[in-house]
Amino acid sequence: MRSLHKLLIALALAGVLALPLLKRDADASAPADTADGPAAIVSVAPAINAPFSPRHWSPGSVISRRDARVAGEQEGRVVEVADVGQRVRRGQALAVLDDTALRLREQEGQADLARIQAQLALANRQEQRYAQLAAQQNIARAQYDQLRADRDVLVQDRARVLAQLAQIRHQRTQMVIRAPFDGIVAERHTQLGEYLVTGGSVARVVDTGAQEVRVRAPVDLARHLAAGTEVRVRSAGEEGTYPVSALVPVGDETSRQLELRIAVQGLDIPVGTAVDVGLPSAATRTVVAVPRDAVMLRREGDFVVRVDAAGKAERVPVKTGADMDGLVEVTGSVRVGDRLVIRGGERVEPGQRLDIQPLDIGPSGPAVAMR
């Protein structure tokens, strides 16, 4: 009985000692993790051939092609004036001046005209009678000629008074200062009750619908610019392509810059807004381009993460060049069609397996613009 008890104790001790060995065998027989760790979740985009036109970015400003400080041709006291911010149509009154003095002068001229016309009617009747008497030789020829001369003087007096009346009426029309085009009153330079002198500015009218961009560029870029050349205009994070509408090929002697005007119909931003204008600075060339998010910038050198044939990460050193429309020019071992990591590549190690997911597209469009 004692020997049986010893046998059971020995078997229990053997089982306890065998447990680590069994666990070790089980761990050895279980499938091991790959040496490259768990797969990284990434998004990719291809490298492409793209036409690149290097650009020089210059600051510009949105202006209006029709921006006028409207002045008065006559002087007088202001009895009406448009408010700042008021929209006006072409021919609409901006200001009205008191025309009392001109109305009185017009009445005086009309009275002078009536007097001269009465005298002229009398002279015409006398001329007819004197003509009959002169034909009968009942009066001296000199007397008849004097009568005709007096009648001709009255004709000229009537013409002078008519011209004066026309001038006064024209001046009365100029007492209403009208908008030269459709626009908005941006500034008011006179107030109600003030006395406006001849040539005095009444208001500044701006046509906000006739916008263009004014920009100055280095003279060296003139050979790459002409009317119709397409340039990039960037404002408030938005960017578009617009044609050059006018080029002034005259450089300033101090700044060595020339002026360009760019038609921007449909831009719909306030006049005076600051913009950046990308001007071509060299001939267009075709390069290998990658999305900007694919380039990893490091102190030891820039690189991209390429997906190899086995679906693993591969670091490829590159040198970057010009950038345009979300793409960056690269030189190195990157080939057109290579799949490059653009999302999730910051912590990817070389040789790590990759789990490629579709690129997330938000409400404003894809994170990387592939053009």
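Residues numbered from 1 in each chain as written. Predicted model: local features only at pLDDT ≥ 70, side-chain atom pairs only at ≥ 80, totals over all residues. Heavy atoms only, no water.

Undergrad: It is not clear to me how the environment of Val305 should be interpreted in this structure. Could you clarify?
TA: Of note, Val305 is situated in strand β18 (residues 303–307). Sequence-wise, Val305 and Glu349 are 44 residues apart; in three dimensions their C-alpha atoms are separated by 9.1 Å. Look past the residues within four positions of Val305 in its chain and what remains in contact with it is Ala294, Ala313, Glu314, Arg339, Leu340, Val341, Gly345 and Val348. (Helix = DSSP H or I, 4+ residues; strand = E, 2+ residues; numbered from the N terminus. Contact = heavy atoms within 4.5 Å.)

Undergrad: Got a minute to help me understand the pairing of strand β13 (residues 230–235) in this structure?
TA: Within a regular strand, side chains alternate between the sheet's two faces. Here β13 pairs with strand β14 (residues 238–248) via six bridges, running antiparallel. By the bridge assignment for β14, Arg234 is matched with Glu239. A loop of two residues connects β13 with β14, the two strands running antiparallel in sequence, and Ala236 in this loop sits at a positive phi of about 55°. Note that β13 and strand β16 (residues 274–280) share three bridges and pair antiparallel. (Pairing = 2+ DSSP bridges.)

Undergrad: What exactly am I supposed to notice about the sheet that holds strand β4 (residues 67–71) here?
TA: What the four strands build is an open sheet, ordered β4-β11-β9-β6; its pairing is antiparallel. Because the sheet does not close on itself, it has two edges, and the strands there are β4 and β6 (87–88). Direction of pairing for β6 relative to strand β9 (residues 183–188): antiparallel, over a ladder of two bridges. Directly across from Arg87, in β9, lies its bridge partner Ile184.

Undergrad: Would you take a moment to explain unusual backbone geometry for this structure?
TA: Excluding glycine, residues mostly have negative phi values, and the peptide bonds linking residues are mostly trans. In this structure, Arg256 takes a positive phi of about 55° despite not being glycine. Within the secondary structure layout, Arg256 lies in the loop between β14 and β15 (257–263). On the basis of relative accessibility, which here comes to 54%, the residue Arg256 falls in the exposed class. (Buried < 20%, exposed > 50% of the residue type's maximum accessible area, 1.4 Å probe, protein only.)

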